[in-house]
Amino acid sequence: MRTTHSPAQGWPLWCLQEIEAADHVLAVCSSLYQRRFESKEEPGIGLGAVWEGHLLRSYLYDSGCRKNLIVLLLLGQ
């Protein structure tokens, strides 16, 4: 049986805290992850990627895309 260890504060808050604490964020995305990141998946599927996508887009928007915080790398199909 596979066991998933979740942070005590839950994944959404943990993700937010880790991004705020980071000097840089490298997001390496497969085409499947990109589809989920862009909310192009069936409802209820890939919610972690949807959350991360909203969070990262908010940081880019709030900074006016001027901060060199986030680097996105899309892997080929």
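Preceding this section is the structure that the text describes.
Per-chain numbering applies: the sequence of each chain, read as written, is numbered from 1 onward. Given that this is a predicted model, residues contribute local features only at a pLDDT of at least 70 and side-chain atom pairs are listed and counted only at 80 or more, while totals for whole chains, interfaces and linings are drawn from all residues. As a rule here, side-chain values come from all non-hydrogen atoms in the structure, and water together with hydrogens is ignored.

S.K.: I keep staring at unusual backbone geometry and nothing clicks. Help me out?
M.R.: Negative phi characterises most residues that are not glycine, and trans characterises most peptide bonds. With phi around 60 degrees, serine 39 is a residue other than glycine that occupies positive phi space. Within the fold, serine 39 resides in the loop between helix H2 (31-37) and helix H3 (47-62). Segments assigned H or I by DSSP are reported as helices when at least four residues long, segments assigned E as strands when at least two residues long, and all are numbered from the N terminus.

S.K.: Please explain the pattern of salt bridges as it appears in this structure.
M.R.: Pairing of side chains with opposite charge becomes possible as their charged atoms draw close. Whenever Lys or Arg places a side-chain nitrogen within 4 Å of a carboxyl oxygen from Asp or Glu, that contact is recorded as a salt bridge. Across all of its chains, the model carries three salt bridges by this definition. Here glutamate 41 and arginine 35 are joined by a salt bridge, their closest N and O atoms 3.4 Å apart. The residue lysine 40 makes a salt bridge to glutamate 38 at a minimum N-O spacing of 3.2 Å. Via salt bridges that share partners, Arg35, Arg36 and Glu41 belong to a single interconnected network.

S.K.: When you look at the nonpolar core in this model, what are you seeing that I'm missing?
M.R.: One broad rule of soluble globular proteins: the nonpolar side chains tend to lie buried together. Counting residues in hydrophobic clusters, the biggest one holds ten residues: Cys15, Ile19, Val25, Ala27, Cys29, Phe37, Leu55, Leu56, Leu69 and Ile70. Taken together, the elements giving at least two residues each to this core come down to helix H1 (11-21), strand E1 (25-29) and H3. Sorting elements by how many residues they give to this core places E1 first, with three residues. Contacts: residue pairs with any heavy atoms within 4.5 Å of one another. With residues up to four places along the chain from it excluded, the contact list for alanine 27 reads Leu56, Val71, Leu72 and Leu73. Working definition of a nonpolar core: buried Ala, Val, Leu, Ile, Met, Phe, Trp, Tyr and Cys residues. They are joined through side-chain atoms within 4.5 Å. With a 1.4 Å probe rolled over the protein chains alone, any residue whose accessible area is under 20% of its type maximum counts as buried; one over 50% counts as exposed, and the rest are partly exposed.

S.K.: Hey, could you run me through the packing of aromatic side chains in this one?
M.R.: Where two aromatic rings form a pair, the distance of their centres and the angle of their planes describe that pair. A pair of Phe, Tyr and Trp rings is counted when the ring centres sit within 6.5 Å of each other, with Trp represented by its six-membered ring. The angle between the planes then sorts it: under 30 degrees is stacked, over 60 is edge-to-face, the rest tilted. Per the counting criterion, the structure on display carries two aromatic pairs. Ring geometry for tryptophan 11 against tryptophan 14: centres 5.4 Å apart, planes inclined by 85 degrees, an arrangement best described as edge-to-face. Linking tryptophan 11 with tryptophan 14, this pair stays in helix H1, spanning three residues, or about one helical turn. What makes tryptophan 11 partly exposed here is its relative accessible area of 42%. Centroid distance tyrosine 33 to phenylalanine 37: 6.1 Å. Interplanar angle 40 degrees. Geometry classified as tilted. Of this pair, tyrosine 33 and phenylalanine 37 are both found in helix H2, four residues apart, which corresponds to roughly one turn of the helix.

S.K.: Would you explain H3 in this entry?
M.R.: Two residues of an α-helix separated by three or four positions point the same way, owing to the 3.6 residues in each turn. Between its terminal C-alpha atoms H3 stretches 22 Å, which fits the 22 Å expected from 16 residues at 1.5 Å a residue. In this structure, the buried side of H3 is in contact with H1, E1, H2 and strand E2 (70-74). Where H3 terminates, the next one or two residues include glycine 64, which has phi positive at roughly 65 degrees. The span you would expect from a helix comes to 1.5 Å times its residue count less one.

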